[in-house]
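# An overview of the molecular structure
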Amino acid sequence: MGERMELPKHAFSAFFERIGDDGRLLPTHIGLVAALFYHHDCGNPNNHFHASRRKLMRFSRIRSIATYHKCLSELVAYGYVEYRPSWHPAKGSRFRFVIRTEGGVSG
């Protein structure tokens, strides 16, 4: 009974722990990460995925385009997300989470 079984961590567990420990991040950053997580490809966290600003803003409850871009640029600068903008109306911008593994950065 005293033994506890160790379960393997999902790739995003360490990612969210890292975000939770980062004092620079505000609730708007966390909301944007949650929106990105919602729109990413669940099959492989290292793959690029596409999402539109409109959908990300609606999901994260960010109302200002300036706030959205500020939070996104800070997430990129802090090394949490890769971002390539797109002006295609249907395709959306390209994103990828930067997942750090024990040996460094994955992907």
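The name recorded for the chain in an unreviewed UniProt entry is Helix-turn-helix domain-containing protein, from Parapedobacter defluvii.

An α-helical turn contains 3.6 residues, so any two residues separated by three or four positions project in the same direction. Taking 1.5 Å per residue as the helical rise, helix α2 (residues 27–39) with its 13 residues ought to reach 18 Å, and the 18 Å between its terminal C-alpha atoms agrees with that figure. Residues of α2 that are buried include every one of His29, Gly31, Leu32, Val33, Ala35 and Leu36, and no others.

Another aspect to go through is helix α4 (residues 65–77). Here α4 is 13 residues long and its end C-alpha atoms lie 18 Å apart, about the 18 Å a rise of 1.5 Å per residue gives. Looking at α4, one finds that the buried residues are Tyr68, Cys71, Leu72, Glu74 and Leu75. With its buried residues spanning 160° around the axis, α4 presents them on a single face. The exposed set on the far side of α4, more than 90 degrees from its buried face, consists of Ala66 and Ala77. Where the residues of α4 are buried, they touch α2, α3 (53–60), β2 (81–84) and β3 (93–97). A side-chain oxygen of the first residue of α4 lies 3.2 Å from the backbone nitrogen of Ala66; this N-cap is Ser64.

Reading guide: rules and limits
Residues numbered from 1 in each chain as written. Predicted model: local features only at pLDDT ≥ 70, side-chain atom pairs only at ≥ 80, totals over all residues. Heavy atoms only, no water. Helix = DSSP H or I, 4+ residues; strand = E, 2+ residues; numbered from the N terminus. Expected span 1.5 Å × (residues − 1). Buried < 20%, exposed > 50% of the residue type's maximum accessible area, 1.4 Å probe, protein only. Arc of directions from axis to C-beta. Contact = heavy atoms within 4.5 Å. Polar contact = N/O pair within 3.5 Å; in protein donor to acceptor, adjacent residues only side chain to side chain.

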